[in-house]
Amino acid sequence: MTAAGRPARTGFSIGAVLDQLRDEFPDVTISKIRFLEAEGLVSPARAASGYRQFSSADIDRLRYVLAAQRDQYLPLRVIKEQLDAADRGARPALHAQPDLPSAEPGLPTAEQFVVEDAANLTRAEFLDAAGIDAPMLAELEQYGLVGTYDRDAVLLARTVAELTRFGIEPRHLRVFQAAADRTVGLVEQVVAPLYQQRDPGARGRADDTARQLTALSVSLHTLLVKAGLRRLTGP
């Protein structure tokens, strides 16, 4: 009992919750916490006076939601499904940070999109390594398919050379460049806010998220092409 004879409050006030979360999530506000409550992500108890009383479990849920939004950019609908599954015992405890789906065997993985420092070749070295002639390289450069003489560009040039055996010319491949640019643009929209964060681990999280999103995007493209080919060739 309090000195005034009223029952002592249990749990944490919304202000106390904000104090616990702010170091890890500097952008969190009381309005944000109230919004997450309104969306059904957390359901604190209410005192007789109407004040919210958050439990430690409620704070864990909020940490999970905020981390999933910040690091994985998951929509609230998906996060709520994960929380509901955890409540039913179908998922591990909420302390585990959600991961993006893993690629199926045979599909690209995030590790394949690690960007390494490229060792540029001379033009003559590039032509020799790629096995193409100067006119084809000029076409690749004209249509924006090759901009640097590095290992990836060598592999790209070899691939284009194989396509030319089927009558496909570099000018026909601009659609691939446009699709790649759109994919990179989509990934950039997602990870740009993470690159702007100031905490020491932000850059690493952004790089990892960019690689995972790229692998998933390329996997989706692969699966859509396979589905289209199935319609073309039959089962």
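Nothing here was measured: the structure is a model prediction, and the numbers come from that model.

> Tell me about the overall build of the chain, and please be specific about residues and values.
Each helix and strand counted, the chain has 9 helices and 2 strands in total. Element order for the chain, N to C, with α for helix and β for strand: α-α-β-β-α-α-α-α-α-α-α. Every one of the 235 residues in the chain was classed for burial, and the buried ones make up 30%. Counted over contacts in the chain with a minimum sequence separation of 6, partners at least 24 positions apart contribute 56%. For the chain, the accessible area works out to roughly 15,200 Å², and carbon and sulfur atoms hold 55% of it.

> Any chance you could break down the pattern of salt bridges for me, citing the residues and the numbers?
In this structure the tally under the stated criterion is 12 salt bridges. A salt bridge links Arg171 to Glu169; the nearest nitrogen and oxygen atoms lie 2.9 Å apart. Judged by its relative accessible area of 34%, Glu169 is partly exposed. By sharing partners, the salt bridges in this structure join Glu24, Asp60 and Arg63 into a single network.

> Please provide a residue-by-residue account of helix α9 (residues 202–233), values included.
Owing to its 3.6 residues per turn, the α-helix aligns residues three or four sequence positions apart on the same side. Taking 1.5 Å as the rise per residue, α9 with 32 residues should run 46 Å; its terminal C-alpha atoms sit 46 Å apart, in good agreement. Restricting attention to buried positions, one finds in α9 the residues Ala202, Ala206, Thr209, Ala210, Gln212, Leu213, Thr214, Ala215 and Ser219. Taken together, the buried residues of α9 touch α3 (56–72) and α8 (174–195). Remark: Gly234 follows α9 within two positions and exhibits a positive phi of approximately 85°.

> Pulling in residues and values, what's your account of the layout of surface pockets?
The calculated volume of the largest pocket comes to roughly 2,200 Å³. In terms of lining residues, the largest pocket is bounded by 50 residues, among which Phe113, Asp152, Ala180, Val184 and Thr214 are the most central. Those elements that provide at least two residues to the lining of the largest pocket are α7 (151–164), α8 and α9. It is α8 that provides the largest number of residues to the lining of the largest pocket, a total of 14 residues. Across the lining of the largest pocket, the residue classes break down as 28 nonpolar, 10 polar and 12 charged. Size it by volume and the second largest pocket reaches roughly 480 Å³. Taken together, 17 residues form the lining of the second largest pocket, with Phe25, Pro26, Asp27, Arg70 and Gln197 sitting closest to its centre. If one sorts the elements of the lining of the second largest pocket by residue count, α3 sits on top with 3 residues. Per-class residue counts for the lining of the second largest pocket are 6 nonpolar, 3 polar and 8 charged. Lining the lining of the second largest pocket are residues from two domains, each supplying at least three of them: domain 1 (14–88) and domain 2 (111–233).

What counts, and at which threshold
- Residues numbered from 1 in each chain as written.
- Predicted model: local features only at pLDDT ≥ 70, side-chain atom pairs only at ≥ 80, totals over all residues.
- Heavy atoms only, no water.
- Helix = DSSP H or I, 4+ residues; strand = E, 2+ residues; numbered from the N terminus.
- Buried < 20%, exposed > 50% of the residue type's maximum accessible area, 1.4 Å probe, protein only.
- Contact = heavy atoms within 4.5 Å.
- Areas by Shrake-Rupley, 256 points an atom, 1.4 Å probe, with all protein chains shown as cover.
- Salt bridge = Lys/Arg side-chain N within 4 Å of Asp/Glu carboxyl O.
- Expected span 1.5 Å × (residues − 1).
- 1 Å grid on protein atoms, 1.4 Å probe; cavity = no way out; pocket = protein on both sides within 12 Å on 5 of 7 lines; lining within 4 Å.
- Points joined across faces, edges and corners; volume = space filled by probe spheres on them.
- Nonpolar A, V, L, I, M, F, W, Y, C, P; charged D, E, K, R; others polar.
- Domains from an automatic or database assignment.

Just geometry here; none of it tells us what the structure is for.
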